[in-house]
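Take a look at the letters that make up each chain.
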Amino acid sequence: MSQQLRKPGFATVAVHAGSEPDARTGAVNPPIYASSTYAQDGVGELRSGYEYSRTGNPTRAALEANLAALESGSYARAFASGMAATDCALRAMLRPGDHLIIPNDAYGGTYRLIDKVLAPWGVEYTVVPMHDLAAVRDAVRPSTRLLWVETPTNPLLNIADIAAVAEIARAASATLLVDNTFASPYLQAPLEFGADVVLHSTTKYLGGHSDVVGGALITRAEALDEAFGFLQNGAGAIPGPFDSYLTLRGIKTLPLRMERHSDNAEALVDFLDRHPKIEQVIYPGLVEHPGHEVAAKQMRRFGGMVSVLVSGGVEAAREFCARTEIFTLAESLGGVESLIELPAAMTHASTSGSELEVPDNLVRLSVGIEDAADLIDDLAQALG
């Protein structure tokens, strides 16, 4: 009787899923298949299941297999950007007259797409604090088809109870999508808590090196995957083979990086929480954070994203952003290098004047993997 192997751990999956050695050459890493088309042995007789690289590419297939395994899903679709994945999800699951519920602090690009593109098309939406379950229930309508969750949110780091929101979605016969970009699959597994779809901007922690743009949708539902696949092919917003390769390469070190991101973020939070020029530190790892208990239940650790309200208003916040030397003033997040930004004027400028407007003295930190002491020194001198 052969011994049954236990389920492999996350780090093993990150390194090996979708990456079997090449059968012909023994190459350990998946080859970059830089081909737009594939020879057929006869009309309609595909040699290896591929015909045209918009429809399918072996390097992209390796990435998709890896993403599905990381999120404990059955299917994954990779896209040219996180917004391409967002657009595909919304258009695949909604029609004019349908209603969706979104967070009151959703990513600005998501809000812009819904408000400026889907709403004129006839899709209705309600903005609610997704951490307020009573508000979520009250927002549900007979026409509600989709609940859209970010947890932690961007940039206010609010926490939604995925399992509880999943129950609300099921009762309404609606789909629950969780944008898991901030947590990454290493820190949080939304499908395990009842989500139907997981979305990622793979540009961020999955790629991890600020050198590739991409997105992904992962699910266990075949019908949803077929809908995503139709639009992935039909609209064509797919990653190229080199982008797929870079994302796969980044994923191999995801567990190591997320531990270091979390270590460094905790060290910076401890420093900033005691600094007289910081009005408030926002981080789910703080016991006083209103979502701390839920985050502790559904996250492995609390991640590398930290937001702060700077005393002295917007000018003081702008000066803080301008004075850092190791932290780079830039949009995006999740890379090995530390970044700083002013969301109200940068990533979330599109929410100005809306229900999703963020404080103008809010500064968002993407804490990298540098030495924590150097990062603390940099913030100290920048705060003056």
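I will try to describe carefully the structure that is included in this document. (Residues numbered from 1 in each chain as written. Predicted model: local features only at pLDDT ≥ 70, side-chain atom pairs only at ≥ 80, totals over all residues. Heavy atoms only, no water.)

On to the sheet that holds strand β7 (residues 175-179), then. Note on sheets: strands pair through backbone hydrogen bonds, and any given pair is parallel or antiparallel. Strand order in the open sheet formed by seven strands is β3-β9-β8-β7-β6-β4-β5, and the pairing between neighbours is mixed. Strands at the two margins of the open sheet, each flanked by one partner only, are β3 (75-79) and β5 (124-128). Averaged over all adjacent pairs, the angle separating strand axes in this sheet is 20°, with direction ignored. Of the pairings in the sheet, the one linking strand β8 (residues 197-200) to strand β9 (residues 215-219) comprises four bridges and is antiparallel in character. Across the sheet, residue His200 finds its bridge partner in β9, namely Ala216. Sheet strands in contact with helix α6 (residues 162-171) are β6 (144-150) and β7, and its direction is about 155° off that of β7. (Pairing = 2+ DSSP bridges. Helix = DSSP H or I, 4+ residues; strand = E, 2+ residues; numbered from the N terminus. Axes fitted to C-alpha atoms, helices over the stretch in contact; angles between N-to-C directions. Contact = heavy atoms within 4.5 Å.)

What follows is about the nonpolar core. Nonpolar side chains tend toward joint burial in soluble globular proteins. Counting residues in hydrophobic clusters, the biggest one holds 78 residues, and the most contacted among them are Leu176 and Val363. When residues in this core are grouped by element, the largest group, seven residues, is from helix α10 (residues 254-272). Aside from chain neighbours lying at most four places away, what touches Val363 is Val306, Ser307, Val308, Val310, Ala317, Phe320, Cys321, Ile340, Glu341, Leu342 and Pro343. The next biggest cluster of nonpolar side chains, apart from the first, holds 28 residues, and it includes Ala85, Leu113, Leu224 and Phe228. (Core = buried A, V, L, I, M, F, W, Y, C linked by side-chain atoms within 4.5 Å. Buried < 20%, exposed > 50% of the residue type's maximum accessible area, 1.4 Å probe, protein only.)

For strand β4 (residues 99-103), the buried fraction is high: five of the five residues fall into the buried class. By the alternation rule, side chains of β4 split into His99, Ile101 and Pro103 and Leu100 and Ile102, which are all buried. Across five bridges, β4 lies against β5 in parallel orientation. Among the inter-strand pairings, Ile101 is bridged to a residue of β5, identified as Thr126. Of the crossover connections in this fold, the one passing from β4 over helix α4 (residues 108-121) to the parallel β5 is right-handed. Across three bridges, β4 lies against β6 in parallel orientation. If you follow Leu100 over to β6, its bridge partner there is Leu146. (Right-handed = clockwise from strand over helix to strand, strands pointing away.)

Turning to α4, a few remarks are in order. Across its 14 residues, α4 extends 19 Å between first and last C-alpha, which sits within 8% of the 20 Å expected from 1.5 Å per residue. Ile114 marks where α4 bends most, by close to 30°. Residues Gly108, Gly109, Thr110, Tyr111, Leu113, Ile114, Asp115 and Leu118 constitute the buried set of α4. Residues of α4 that are buried in the fold lie against α3 (82-93), β4, β5 and β6. Note on α4: the residue one or two positions beyond its end, Gly122, has a positive phi of about 115°. (Expected span 1.5 Å × (residues − 1). Bend = angle between axes of the 7 residues up to and from the residue.)

Moving on, we come to the pattern of salt bridges. A side chain of one charge can pair with a side chain of the opposite charge if their charged atoms are brought near each other. For the coordinates displayed, the defined rule picks out 16 salt bridges. Between Arg145 and Asp98 there is a salt bridge, and its shortest N-O distance comes to 3.8 Å. On the criterion of sequence distance, the pair formed by Arg145 in strand β6 and Asp98 in the loop between α3 and β4 is long-range, its members being 47 residues apart. When the shortest N-O distance is used, the salt bridge between Lys116 and Asp115 registers 3.3 Å. Judged by relative accessible area, which is 56%, Lys116 ranks as exposed. In this structure Asp115 comes out as buried when scored by relative accessible area, which is 18%. (Salt bridge = Lys/Arg side-chain N within 4 Å of Asp/Glu carboxyl O.)

All right, on to the side chain of His292 then. Structurally, the position occupied by His292 is in helix α11 (residues 292-298). The class for His292 is buried, based on a relative accessible area of 16%. A distance of 2.8 Å separates the side chain of His292 from the backbone oxygen of Pro284, its partner in a polar contact. In this structure, His292 is in contact with Pro284, Gly285, Leu286, Val287 and Phe302, ignoring residues within four places of it in sequence. (Polar contact = N/O pair within 3.5 Å; in protein donor to acceptor, adjacent residues only side chain to side chain.)

This part covers unusual backbone geometry. At the junction of Thr151 and Pro152, the peptide bond is cis and its omega measures out at -5° in the coordinates. As for its placement among the helices and strands, Pro152 is situated in the loop between β6 and α6. Of note, the amide linkage connecting Asn154 to Pro155 takes the cis form, showing an omega dihedral of 15°. Mapped onto the secondary structure, Pro155 falls in the loop between β6 and α6. At Leu157, a residue that is not glycine, the phi angle is positive and equals roughly 55°. Take Leu157: it is sitting in the loop between β6 and α6. Look at Leu157 and you get buried, because its relative accessible area is 2%. Look at Ser332: it is not a glycine, yet its phi comes out positive at around 80°.

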